[in-house]
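# A closer look at the structure
So the chains spell out like this:
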Amino acid sequence: MSCSRRDFLKQGLGSTLVSALPLSAFTFLSSAEARAAVANANTKWGFLVDTTKCVGCGFCVEACKTEYEIPRDAAVTRTWVERYVVTKDGETHIDSPDGGIDGFTSNVIGEEEIDPEQVTKAFFVPKLCNQCDNPACVQVCPVGATYQTDDGVVLVDRDWCIGCGYCLMACPYGVRFFHPKYKVADKCNFCYHRIMKGLDPACVQSCAFGARRIANLKDPEDPVTKIITTERVAVLKDEYGTKPNVFYIGLDANVR
Amino acid sequence: MKRHVLHPLWVTIALVVLVLLARMFFVPDDFGVHGRNFTYGFHRLGNIGEWQAFPVKYLGEDSCIECHAEKVQANNGNVHKNIQCENCHGAAVGHPDEVEALAIDESRELCLRCHQQLDYPHSARDTVIAVDGAKHRRRRACSKCHDPHQPAEDEI
């Protein structure tokens, strides 16, 4: 068998090109490339709730439900306010009627009327999605319909969700539900459309007492980030290891 | 090889090819691993833009001030200044093009969200001037006597 130098070079070059083709065709974006394509890495959204300022008016719940077209009478909401009343007998009474959307205007909790004389302490705790660093809800999604953005917010793809409900079960904070109108999993996303436009989330804007604030945790000059990093704050259910990004001032041991 | 071996083999290969072909058509191009890793970043990239384009309904005081500057500024001189216009006047989306007049909530229940007496010691609720809504002028709208835009300092 004879082979000229020209043929050898030709065939050598050809086979190299052919073998290189499939490799380049299947190259995945590196995480740095993908990150640059999606969002700027100088942002990580966090949230600060000051329970000592909340009066339980429920305007935040009202604003949230309107912003996301969740019917007012539907028993689901992206954010809600819980009331904790501790009485002298050591009992803790907890309620959140309709998520607190109408505020708290009576001393009746459940079926029981609490005598104001018996109250040792009482407070309100707003709750919302914690946008965890390790979101359990995202881990269990079988179709990739819920995910974490590079700025730390967990979003739900309404076109992609199949409504299996795994994420509703996985969330230790119980923030997920099925949207009555869109029939897919839904939850608070810090009003992603608002914060990306430089607005406050609807609940933050509607709060007259400054009990709810949004923060960019990667900006050390952010006044809210300064509070989170320099003052005594706590998170909910730390023991689950989900690394939540909603921080609370004045969190009581009774709050679960 | 015998036919009973080959036949299922061809069927299996055909099925695999069919699934791969279907996948090419039904899975969007931007679906894949984005961001952190497969566990947290397996999604359709375009959805981020879809959420950013979600319509804003509460436009905030900065939007009200464009037309109602005098009113907004006049109301900002008292303790109610922290209450957003839209909390009582309703979300401003579509106003004034589609919604000429916003539905104003003048109910007693709205005021009582903050001003209903609950006697909660050490709670912020205790710092708000309060009445018992069940006893205080039960049949009268609050705004008949109190101006929500200019509440007198001693009655708040």
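Residues numbered from 1 in each chain as written. Chains lettered and ligands numbered in written order. Predicted model: local features only at pLDDT ≥ 70, side-chain atom pairs only at ≥ 80, totals over all residues.

Another point: the overall build of chain A. Scanning chain A from terminus to terminus reveals eight helices and 12 strands. Taking 2.2 N^0.38 as the reference for a compact globule, 256 residues should give roughly 18 Å; the C-alpha atoms of chain A span a radius of gyration of 25 Å, well beyond that estimate. Based on the C-alpha atoms only, the size of chain A along its principal axes is roughly 105 × 40 × 35 Å. Of all intrachain contacts in chain A linking residues separated by at least 6 positions in sequence, the fraction that spans at least 24 positions is 63%. (Helix = DSSP H or I, 4+ residues; strand = E, 2+ residues; numbered from the N terminus. Rg over C-alpha atoms; globule rule 2.2 N^0.38 Å. Contact = placed C-beta atoms within 7 Å.)

Looking only at helices and strands, one finds seven helices and two strands in chain B. When the helices and strands of chain B are read in sequence order from the N terminus, they spell out α-β-α-β-α-α-α-α-α. The C-alpha radius of gyration of chain B comes to 30 Å, more than 25% above the 15 Å expected for a compact globule of 156 residues. Along the three orthogonal principal directions, the C-alpha set of chain B runs to about 100 × 40 × 30 Å. For chain B, the residues scored as buried account for 21% of the 156 residues in total. (Buried ≥ 20, exposed ≤ 12 C-beta atoms within 10 Å, placed from the backbone.)

One finds Phe47(A) and Phe190(A) to be the most contacted residues of the largest nonpolar core, which totals 70 residues. Contacts of Phe190(A), omitting those with residues within four sequence positions, involve Trp45(A), Phe47(A), Gln131(A), Val153(A), Ile195(A), Pro201(A) and Ile214(A). Counting residues in each nonpolar core, the second largest holds five residues, with Cys88(B), Leu110(B), Leu112(B) and Cys142(B) among its members. (Core = buried A, V, L, I, M, F, W, Y, C linked by C-beta atoms within 7 Å.)

Now for the domain arrangement of chain A. Residues and elements named next belong to chain A. Assigned domains of chain A: these are domain 1 (45–132 + 188–249) and domain 2 (136–186). Once you take the C-alpha centre of each, domain 1 and domain 2 turn out to be 21 Å apart. With 20 residues of domain 1 at the contact, the number on the domain 2 side is 14 residues. Among the residues making up the side of domain 1 that touches domain 2, the classes are represented as 12 nonpolar, five polar and three charged. (Domains from an automatic or database assignment. Nonpolar A, V, L, I, M, F, W, Y, C, P; charged D, E, K, R; others polar.)

On to the sheet that holds strand β11 (residues 212–216) of chain A. Residue and element names in this part refer to chain A. Spatial strand order, β11-β1-β12: three strands in an open sheet with mixed pairing. The open sheet is flanked by β11 and β12 (246–249), the only strands paired with a single partner. Looking at each pair of strands side by side, their axes are set apart by 25° on average, direction ignored. Sheet topology note: the strand β1 (residues 45–50)/β11 ladder contains five bridges and is antiparallel. Each bridged residue has a counterpart across the sheet, and for Leu-48 the counterpart in β11 is Arg-213. This element, helix α8 (residues 223–230), spans β1, β11 and β12 of the sheet and lies at about 95° to β11. (Pairing = 2+ DSSP bridges. Axes fitted to C-alpha atoms, helices over the stretch in contact; angles between N-to-C directions.)

Another aspect to go through is the sheet that holds strand β2 (residues 80–87) of chain A. In a beta sheet, neighbouring strands are held together by backbone hydrogen bonds and run either parallel or antiparallel to one another. Residues and elements named next belong to chain A. If you trace the three strands from one edge of the open sheet to the other, you get β3-β2-β6, paired in antiparallel fashion. Edge strands, defined here as strands with exactly one partner in the open sheet, are β3 (92–95) and β6 (119–127). Each adjacent strand pair in this sheet contributes to an overall mean axis angle of 15°, direction not counted. Alignment of β2 against β3, held across four bridges, turns out to be antiparallel. Residue pairing in the sheet places Arg-83 in a bridge with Asp-95 of β3.

Mapped onto the fold, Lys57(B) is located in the loop between α3 (46–52) and α4 (61–64). In this structure Lys57(B) comes out as partly exposed when scored by C-beta crowding, with 18 C-beta atoms within 10 Å. Sequence spacing of Lys57(B) and Phe26(B) is 31 residues, and the spatial spacing of their C-alpha atoms is 33 Å. When near neighbours in sequence (up to four residues on either side) are disregarded, Lys57(B) contacts Thr66(A), Glu67(A), Ala91(B) and Val93(B).

Another point: the pairing of β6(A). Residues and elements named next belong to chain A. Along β6, seven of the nine residues are buried, which leaves the element largely enclosed by surrounding structure. Relative to β6, β2 runs antiparallel, the two being bridged by eight bridges. Of the residues in β6, the one forming a bridge with Trp-80 is Lys-127.

So, about unusual backbone geometry. Residues His95(B) and Pro96(B) are joined by a peptide bond in cis, for which omega reads 5°. In this structure, Lys243(A) takes a positive phi of about 55° despite not being glycine. For Lys243(A), the location among the structural elements is in the loop between α8 and β12. By C-beta crowding, Lys243(A) is classed as partly exposed, having 13 other C-beta atoms within 10 Å. Unusually for a residue other than glycine, Asp119(B) sits at a positive phi of about 55°. Relative to the helices and strands, Asp119(B) resides in the segment after α7 (108–115).

Further remarks concern α7(B). Taken across its eight residues, α7(B) has six buried, putting it largely inside the fold. Here α7(B) has its buried residues at Leu110(B), Cys111(B), Leu112(B), Arg113(B), Cys114(B) and His115(B).

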